Amino acid sequence: MNRDWAATAATLSQALPYMQRYNDATVVIKLGGHAMGSDEAMVEFARDVVLMRQVGVNPVIVHGGGPMINDMLKRLNIKSEFVNGKRVTDAATMEVVEMVLSGLVNAKIVQAISEQGGRAVGVSGKDSGLIICEAEDPALGLVGKPTKVNPRLLLDMADKELIPVIAPLGMGMNGETFNINGDTAAGAIAAALKADRLLLLTDVSGVKNAAGEVLTELTSTQIKEMTADGTIAGGMIPKTQTALDALAAGVRATVILDGRAPNACLLELFTEHGAGSIIRSA
Ligand SMILES: Nc1ncnc2c1ncn2[C@@H]1O[C@H](COP(=O)(O)OP(=O)(O)O)[C@@H](O)[C@H]1O
Ligand SMILES: CC(=O)N[C@@H](CCC(=O)OP(=O)(O)O)C(=O)O
């Protein structure tokens, strides 16, 4: 017999206990803009998500799209700046953010999952009152801080084995549309669903210390110290903060990992190896 086929069968067999552990588990996956590399990587991500659904996991996808928003703002000659990893968002920027997130990025992910046979449905945090927000900080403009998540829509979708793909937008109490950092939105949704796992897929292999080494496991004390001394900076600030908030809200563990690595989600969930940096309760 061809030895590669035997290895494939052995790998599948070894995945059994993990598949049993995650049967019926809710796994919130945040796909960052930097993790959405090539078209091939998107196909692979979509296959992994469909496989998860096939073996009984409830995957909930929340996406980013920062680099795609940057490109569009540049084309439209609108300047943009970030403060602590969050985009200062005025009304004109908000229009572009919504157009890119819902119209381009969300549609692309939904299509990729559908092409692999998954029943993906694209929504934004504004649909069905999923994410209610207030302004996070007046200096950031229309950046939203989730104050309430109504998970009903997602629970109904899980019942029907649909795969939600969520754009990180929120609704204000006065009809405003808010721009939510993708990690923050994913954390709020994971908290409302009391998810078993929150996977934050990005473009680095995990959280690095000052020497540039990836820490496979991180405590909340380490996160606080590394943020205070600047080792955790930029886009890594909302990720680690989200991990801490999710933990406090009852999410069992958050993993920050490289979404560009082959089969990143499967490696994390269904093998002994694991991937990236895990933040879980002591
Ligand atoms: N301590 C750290 N460890 C790893 N990455 C860090 C750290 N501090 C800052 N970063 C930066 O955070 C980036 C990830 O955040 P971001 O660019 O917002 O990703 P995404 O688009 O996937 O949400 C990394 O590419 C890296 O440049
Ligand atoms: C408030 C805020 O910063 N919103 C983000 C939303 C997209 C996002 O989070 O994209 P990534 O995950 O790819 O970084 C933005 O405007 O870029």
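If you're wondering where the values come from, they're calculated on a predicted model, not measured in any experiment.

1. Brief notes about the UniProt feature "site: Transition state stabilizer" (unreviewed entry) in the protein
Next up, step 1: Sites flagged by UniProt as "site: Transition state stabilizer" (unreviewed entry) map to Lys30 and Lys239. Considering the C-alpha atoms alone, the annotated residues occupy 210 residues of sequence yet fold into one spot, their largest mutual distance being 10.1 Å.
Next up, step 2: Mapping Lys30 onto the fold places it in strand S1 (residues 26-31).
Next up, step 3: Judged by relative accessible area, Lys30 falls into the buried class, the value being 5%.
Next up, step 4: Apart from the residues within four sequence positions on either side, Lys30 is in contact with Val62, His63, Gly64, Gly182, Asp183, Ala186, Leu199, Leu200, Leu201 and Lys239.

2. Looking at the sheet that holds strand S10 (residues 177-179)
Think of a sheet as strands paired side by side through backbone hydrogen bonds, with each pair either parallel or antiparallel.
Next up, step 1: Read across the sheet, four strands follow the order S7-S6-S9-S10 without closing on themselves; strand pairing throughout is mixed. Each of the sheet's edge strands pairs with one partner strand only, and the pair in question is strand S7 (144-149) and S10. The sheet shows a mean angle of 50° between the axes of neighbouring strands, direction not considered.
Next up, step 2: Pairing between strand S6 (residues 131-135) and strand S9 (residues 169-172): two bridges, direction parallel. Among the inter-strand pairings, Ile132 is bridged to a residue of S9, identified as Met171.
Next up, step 3: Along the sheet, helix H7 (residues 182-193) contacts S6 and S7; its crossing angle with S7, the most-contacted strand, is approximately 15°.

3. Structural notes on the packing of H7 against helix H9 (residues 236-248)
To characterise two packed helices, one gives the angle between the axes of the helices and the distance between these axes.
Next up, step 1: Two numbers describe how H7 lies on H9: the axes approach to 8 Å, and their chain directions differ by 10°. Classed by the angle they form, the pair H7 and H9 counts as roughly parallel. Of the residues in H9, those in contact with Asp183, Thr184 and Gly187 of H7 are Pro238, Lys239 and Thr242.
Next up, step 2: Split by residue class, the contact of H7 with H9 holds one nonpolar, three polar and two charged.

4. Examining the confidence of the model for the protein
Next up, step 1: Counting all residues, the mean pLDDT for the protein is 95, and 99% of those residues have values of 70 or more.
Next up, step 2: Across the interfaces of the predicted complex, the ipTM metric reaches 0.96, alongside a pTM of 0.95.

5. What about the sheet that holds strand S2 (residues 58-63)?
Next up, step 1: A sheet is described by the order of its strands in space; here seven strands give the open sequence S5-S8-S2-S1-S11-S12-S13, paired in mixed fashion. Since the sheet does not close on itself, it has two edges, and those belong to strand S5 (120-124) and strand S13 (277-280), each with one partner. Between one strand and the next, the sheet's axes are offset by a mean angle of 20°, whatever the strand orientation.
Next up, step 2: Sheet strands touched by helix H5 (residues 91-115): S1, S2, S5 and strand S8 (163-167). Its angle to S8, the strand with the most contacts, is close to 160°.
Next up, step 3: Helix H6 (residues 152-159) rests against S2, S5 and S8 of the sheet, and its axis sits at about 150° to S8.

6. Some remarks on the pairing of S8
Next up, step 1: Summarising burial for S8: five of the five residues are buried, a large majority.
Next up, step 2: Residues of S8 alternate between two faces, with Ile163, Val165 and Ala167 on one and Pro164 and Ile166 on the opposite face, all of them buried.
Next up, step 3: Direction of pairing for S2 relative to S8: parallel, over a ladder of two bridges. Note that in S8 the partner of Ile61 across the bridge is Val165.
Next up, step 4: When S5 meets S8, the two strands line up parallel, connected through five bridges. Note on S8: the bridge partner recorded for Ser124 is Ala167.

Cut-offs used in this document
Residues numbered from 1 in each chain as written. Chains lettered and ligands numbered in written order. Predicted model: local features only at pLDDT ≥ 70, side-chain atom pairs only at ≥ 80, totals over all residues. Heavy atoms only, no water. UniProt positions renumbered as here; feature names shortened; annotations may be inferred. Helix = DSSP H or I, 4+ residues; strand = E, 2+ residues; numbered from the N terminus. Buried < 20%, exposed > 50% of the residue type's maximum accessible area, 1.4 Å probe, protein only. Contact = heavy atoms within 4.5 Å. Pairing = 2+ DSSP bridges. Axes fitted to C-alpha atoms, helices over the stretch in contact; angles between N-to-C directions. Parallel < 35°, antiparallel > 145°, perpendicular 65-115°, else oblique. Nonpolar A, V, L, I, M, F, W, Y, C, P; charged D, E, K, R; others polar. pLDDT = per-residue confidence, 0-100.

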